[in-house]
Every structure is written in structure tokens, then in C-alpha cells.
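Now for the letters of each chain:
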Amino acid sequence: DGAALGEALRAAVTQANARIFARADDSRAHRGMGTTVVASAFSPTDGELYVAHAGDSRCYRLRAGELEQLTRDHSLVADALLERPDLSPSDLAYLPRNVITRALGIGPTVDVDLRADRSQPGDVYVLCSDGLHGLVSDAEITSIVEGSRVLTEACERLIARANDGGGKDNITALVVRVP
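Residues numbered from 1 in each chain as written. Predicted model: local features only at pLDDT ≥ 70, side-chain atom pairs only at ≥ 80, totals over all residues. Heavy atoms only, no water.

Visitor: Could you clarify how one ought to interpret helix α1 (residues 2-26) in this entry?
Guide: An α-helical turn contains 3.6 residues, so a residue and the one three or four places further along point in the same direction. The end-to-end C-alpha separation of α1 is 36 Å, in line with the 36 Å expected for 25 residues at 1.5 Å each. What α1 keeps buried is the set G2, G6, L9, V13, N17 and A24. Those residues of α1 that are buried lie in contact with β1 (37-43), β2 (48-54) and β5 (113-118). (Helix = DSSP H or I, 4+ residues; strand = E, 2+ residues; numbered from the N terminus. Expected span 1.5 Å × (residues − 1). Buried < 20%, exposed > 50% of the residue type's maximum accessible area, 1.4 Å probe, protein only. Contact = heavy atoms within 4.5 Å.)

Okay, here's the thing in C-alpha cells:
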């Protein structure tokens, strides 16, 4: 059932963390390595997409022309806004934007967020790293996905747009559509 699928997804991410941490712990060359993650699994029986994540990789849902971020970044800025939503842009400017508060591999355990999203036929999900969402606006993501004939073309165009915008970080994108 769907709930079991969600928990299996969370367990897979937790296991990935343990393996990355063990590798980093065993090897001087890999010490301190870590990564963010966003992963999903679809349950056709209950029509839900399960999303697990840690860090600032994101999952968006595009439905009827509206793009919604389904994940919450685990970053210093996002955590500060969660605690104090009244912080002004000038207050936020003092915080480093590149500090993440959760990632795989930096500790023996990781707190993985899991969310279930009730899908509708035609929903499109975009899973991406900060190398994409840091350089491509929500409006551009929407326009590129809606303007692409096939999903692989949407991925290629999203990555090209991020590269055109500077592309200094790893750029990862996955686009899926609910039939």
C-alpha cells in the first residue's frame, strides 16, 4: 500500500545516508563528503506521489499552470524564516545562503522529511538540485516545462537554462508526468 511505499522510500534514503557516512568515515579522501537528496515513488493504487528529501534539493508540482514547491529547504535561511517569518530581506542578507542544515553523509543518521501528495492526471513533478532552482526562477521552470513537447526535452532545456545562468553547481533535473 501507499504508506508502506512511503516508508520504504524513507528507509532507502536513510540507508543511503549510512553508506555515504561509512564511506566518508573509512576514507581520508572522502572525509566530510555529503549530498542533498530528493527522491520520489508513485503509488498507482492510491494515486499518491511520495517524496523524501534532506537538504535543499526540491520537488515541485505543476498543476493547471501553477507551480508549487512541495519540499522545504533544509538551509540556514529557510530555518531562520521558519522560526521568524517576520525577518526582512535586509535581515536575511546577513545569513549565508549556501549553508544547509541537513544532508546525507554528514552524520550517522539523518532526519528525512517524507510527504505524500495526492496526484491528479496530468500533474507534472520536477525534482531538482539547487544547481537548477538557484538559477532558474519558478516562472521559468513553469514556462519551460509547459513549452516542452516531451519530458526529456524539458529536462534538457531546464539544465541548459541553468548553465546559461552561470551553472557553477551540480545541476540535476528529473521531470515526471502522472498519466
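Visitor: Help me out: how do you make sense of the nonpolar core in this one?
Guide: Across soluble globular proteins, nonpolar side chains show a tendency to be buried alongside one another. One finds Y60, V126, L132, I141, V145, L158 and V175 to be the most contacted residues of the largest nonpolar core, which totals 18 residues. If you list the elements that add at least two residues to this core, you get β3 (58-63), β6 (124-128), α5 (138-146), α6 (151-164) and β7 (173-177). With 4 residues, the top contributor of residues to this core is α6. Discounting chain neighbours no more than four positions away, the residues touching V126 are R58, C59, Y60, I141, V145, L158, L174 and V175. Formed by 11 residues, the second largest nonpolar core is a distinct cluster that contains V13, A39, A54 and V110. (Core = buried A, V, L, I, M, F, W, Y, C linked by side-chain atoms within 4.5 Å.)

Visitor: When you look at the sheet that holds β1 in this model, what are you seeing that I'm missing?
Guide: Sheet strands line up and pair through hydrogen bonds in the backbone, either parallel or antiparallel. Here we have 3 strands laid out as an open sheet, ordered β1-β2-β5, and antiparallel in their pairing. Strands at the two margins of the open sheet, each flanked by one partner only, are β1 and β5. Within the sheet, the average angular offset between the axes of one strand and its neighbour, ignoring direction, is 20 degrees. Where β2 and β5 come together, 6 bridges link them in antiparallel fashion. When the sheet's bridge partners are listed, V51 is paired in β5 with R115. Against the sheet, α1 contacts β1, β2 and β5, and its axis sits at roughly 155 degrees relative to β1. (Pairing = 2+ DSSP bridges. Axes fitted to C-alpha atoms, helices over the stretch in contact; angles between N-to-C directions.)

Visitor: Could you clarify how one ought to interpret the packing of α5 against α6 in this entry?
Guide: The packing of two helices is summarised by the inter-axis angle and the distance between the axes. At a closest axis distance of 9 Å, the pairing of α5 and α6 adopts a crossing angle of 145 degrees. For the pair α5 and α6, the crossing hand works out as right-handed. Here E140, I141, I144 and V145 of α5 come into contact with α6, specifically with A154, R157, L158 and R161. Taken together, the residues of the contact of α5 with α6 sort by class into 5 nonpolar, no polar and 3 charged. (Left-handed = near helix turned anticlockwise from the far one by under 90°. Nonpolar A, V, L, I, M, F, W, Y, C, P; charged D, E, K, R; others polar.)

Visitor: So what exactly am I meant to see when it comes to the pattern of salt bridges here?
Guide: Two side chains with opposite charge may pair up if their charged atoms get near one another. Scanning the entire structure with this criterion turns up 14 salt bridges. For R10, the salt bridge is made with E7, and the minimal N-O distance between the two is 3.3 Å. Linking R10 with E7, this pair stays in helix α1, spanning 3 residues, or about one helical turn. Classification of R10 by relative accessible area gives partly exposed; the value is 27%. Given the relative accessible area of 43%, E7 is considered partly exposed. Between D79 and R72 there is a salt bridge, and its shortest N-O distance comes to 3.0 Å. (Salt bridge = Lys/Arg side-chain N within 4 Å of Asp/Glu carboxyl O.)

Visitor: Would you mind going over the sheet that holds β7 with me for this structure?
Guide: Spatially, β4-β3-β6-β7 is the arrangement adopted by the 4 strands of the open sheet, whose pairing is antiparallel. Edge positions in the open sheet fall to β4 (66-69) and β7, since each of these has one partner strand only. With direction set aside, neighbouring strand axes in the sheet form an average angle of 20 degrees. Taken together, the 5 bridges between β3 and β6 define a ladder with antiparallel strand orientation. Bridge pairing in β6 places C59 opposite L127. Against the sheet, α5 touches β3, β4 and β6, its axis set at about 60 degrees to β3. Against the sheet, α6 contacts β6 and β7, and its axis sits at roughly 150 degrees relative to β7.

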